[in-house]
Amino acid sequence: MSDYLIGVLSNIGMIAFLALSAYVLLVTGSISFGQQAYFAISAYGSGIATAMWGWPLWLGMLWGAALAGLAAALVAVPTARLHGLYFAVATLAFAEMVRLLLQMLTWQIDVDGTLIGPMGSEGFREIRYIYAHDISAVQFMLLIYGLLGLVVGGLTLMERTRLGLALRMIGEDEIPAEALGVNVAACKIFAAALSGIIAGIGGALYAHLITYIEPALFNVMLGVHGLAYGLIGGLGTAVGPLLGVVLDIGFLESVRAFAGYRMIVFGGLVALLLIVRPRGLLDEVTVHRIVRRLIRSDHVAH
Amino acid sequence: MLALEGLTKHFGGVQALQDLNLKVSKGSIMGLIGPNGSGKSTTVNLICGVFGITRGRILFDGEDISRVPTHLRLSQGIARTFQNIRLFGQLTVWQNLWVAQNAPEQKHGEPFLRRWFGGSRRAQAQVQGLLEFAGLAHKAQEQASNLSFGEQRRLELARALASQPKLLLLDEPAAGMNMEEINDLKQRVLALRAEGKTILLVEHVMELVMGVTDQIAVLDFGRKIAQGSPAEVQQNPQVREAYLGTQAR
């Protein structure tokens, strides 16, 4: 496998976490423009843990994802009552706050003779864990896809439970959901925390693969992409956002024919899809049809 | 069973409901009628906790539930249907009922994780029973948005019954129905009373209200102007005035 291919696949995998985190909230009826904040919090948190404190990678990632989940839950407490545009603006404001705070964060310590740590807007270099421990690009890619598989599988299972159905009910219509005994505020905080953790896993992976992060990476465009992937790929299943990422990064970016025009094509694609398929390619109706067909062919086979 | 005491709701300057006193006794059907905008749906929404109340209180089984959070009123035993059908169209018929079955599972003491992530065989059997009650067993895996209007109404009623409520609030269940469907609904409502359910029926369709209720309360501009048996209410001059205007006398 060429280095280029491994690079693209790793990118797709990492950004997929961001797309899935936006998806969890979209399903619950909330449009967040701030998922990049949790990606960033975990990137910094896990980077600090492994590069500065010498923690092992798994613990650093756990720590980063937990921080991101906690931050998301705390943001959800005051924003759970907001809808539509108001929620979108509140999450965007929070994410910009995080980005600006990271620009001010300067904290370096001496690790084996070199100063390591975030340097404000100049960023955070030398998050070298995977190089120091001889983890190859292929191995790291397998780690990304292993975790991605766990998240997608977990979400798919969750969506079949009452909890998962309750989240979709909230996304459709809150008042009858509440009349059916669903604690809407608690479910929204749960969904937010879950989305923060998922974005956090992606952020931690990102920091360790790239080894250098800076606040400017986590601007609103990153969040907009995360959001758009779910809208393109579809909101009927957790596989939808993955399809969105593959279409954009895997296809538009890799096919060099669009070089330089990628964002124009991408923007047009989003606009077109929102008009003809407002809930994405794999929307609920399509997913339902596919599932029924699978069940039926299963019956025939037996 | 249900007692509203001085129930009042203001929306800004609009007095949607003024000092409503109403008692619904166990196992009876109370009708709530009145012209558009008289406060019928507001009453239902206050009992369910969709809106907070301005003044007064709601007693249910002798307990003040005015401050009980909305989502907990179902497990207290209060379920409702909506004036304009509000099903979850993306979900299947079965899924619509499955989530609603959560409240009785809570009552039966199923642990939290089991209720939200699993679900008992008993609950599955009950959903199956509800599907048959609604005549939708063959459409269990259909998306709710694909059902016909009448089927959606039946599903919504089944969904309200899924929580095994003591009190059922029906907000204009016959709206948009033809005579045949209304008769079918009438039979279902009477069957529910025979099972011992208490029902508050908000309705414009007089064939249904006059046919099934034990008592009727009449609202006009947010105030109760009359209460009595269907025959008494029909004779009441104030009621006639509210509906037909003074000229019609």
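That block above? That's the structure.
Here we summarise the structure given alongside this text. This structure is a prediction, so every number in the text was calculated from the model and none was measured. (Residues numbered from 1 in each chain as written. Chains lettered and ligands numbered in written order. Predicted model: local features only at pLDDT ≥ 70, side-chain atom pairs only at ≥ 80, totals over all residues. Heavy atoms only, no water.)

Here we take up the packing of helix H6 (residues 137-160) of chain A against helix H7 (residues 162-172) of chain A. All names here are of chain A. Packing of H6 against H7 leaves a shortest axis separation of 4 Å and a crossing angle of 80°. When the axes of H6 and H7 are compared, the pair comes out roughly perpendicular. Within the contact between the two elements, H6 uses Met158, Glu159 and Arg160 and H7 uses Arg162, Leu163, Gly164, Leu165, Leu167 and Arg168. (Axes fitted to C-alpha atoms, helices over the stretch in contact; angles between N-to-C directions. Helix = DSSP H or I, 4+ residues; strand = E, 2+ residues; numbered from the N terminus. Parallel < 35°, antiparallel > 145°, perpendicular 65-115°, else oblique. Contact = heavy atoms within 4.5 Å.)

Another point: the sheet that holds strand S5 (residues 63-64) of chain B. Residues and elements named next belong to chain B. Read across the open sheet, the four strands follow the order S2-S1-S4-S5; overall the sheet is antiparallel. The sheet terminates laterally at strand S2 (14-24) and S5, the two strands that pair on one side only. Pairing analysis gives five bridges linking strand S1 (residues 2-11) to strand S4 (residues 55-60), with the strands arranged antiparallel. Within S4, the residue paired with Leu4 across the bridge is Ile58. (Pairing = 2+ DSSP bridges.)

It is worth spelling out the pattern of salt bridges at this point. Residues and elements named next belong to chain B. Per the counting criterion, the structure on display carries 18 salt bridges over all chains. The residue Asp61 makes a salt bridge to Lys166 at a minimum N-O spacing of 2.9 Å. In this pair, Asp61 is assigned in the loop between S4 and S5 and Lys166 in the loop between helix H7 (149-162) and strand S7 (167-171), connecting sequence segments 105 residues apart. Of the residues examined, Asp61 reaches a relative accessible area of 42% and is grouped as partly exposed. (Salt bridge = Lys/Arg side-chain N within 4 Å of Asp/Glu carboxyl O. Buried < 20%, exposed > 50% of the residue type's maximum accessible area, 1.4 Å probe, protein only.)

Time to look at the nonpolar core. One finds A:Leu20, A:Tyr38, A:Phe124, A:Val182, A:Ile213 and B:Leu168 to be the most contacted residues of the largest nonpolar core, which totals 128 residues. Counting residues per element, this core draws most heavily on helix H1 (residues 3-27) of chain A, at 15 residues. Other than its neighbours up to four places away in sequence, A:Ile213 contacts A:Ala43, A:Tyr44, A:Gly123, A:Phe124, A:Ile127, A:Tyr206, A:Ala207 and A:Phe218. Membership of the second largest hydrophobic core comes to 26 residues, among which are B:Leu2, B:Leu32, B:Leu46 and B:Ile53. (Core = buried A, V, L, I, M, F, W, Y, C linked by side-chain atoms within 4.5 Å.)

With the rule as written, the count across this model stands at 14 aromatic pairs over all chains. With a centroid separation of 5.0 Å and an interplanar angle of 85°, the aromatic rings of B:Phe11 and B:Phe51 are classed as edge-to-face. With a gap of 40 residues between them, B:Phe11 in strand S1 and B:Phe51 in the loop between helix H1 (40-48) and S4 connect regions that are remote in the sequence. Take B:Phe11: its relative accessible area is 34%, and that puts it in the partly exposed class. With centroids separated by 4.9 Å and ring planes inclined at 20°, the aromatic side chains of B:Trp94 and B:Trp98 adopt a geometry described as stacked. Of this pair, B:Trp94 and B:Trp98 both sit in helix H3 (residues 93-100), four residues apart, roughly one helical turn. Members of the aromatic cluster, connected to one another through ring pairs, are A:Phe39, A:Tyr44, A:Phe124, A:Tyr206 and A:Phe218. (Phe/Tyr/Trp six-rings, centres within 6.5 Å; stacked < 30°, edge-to-face > 60°.)

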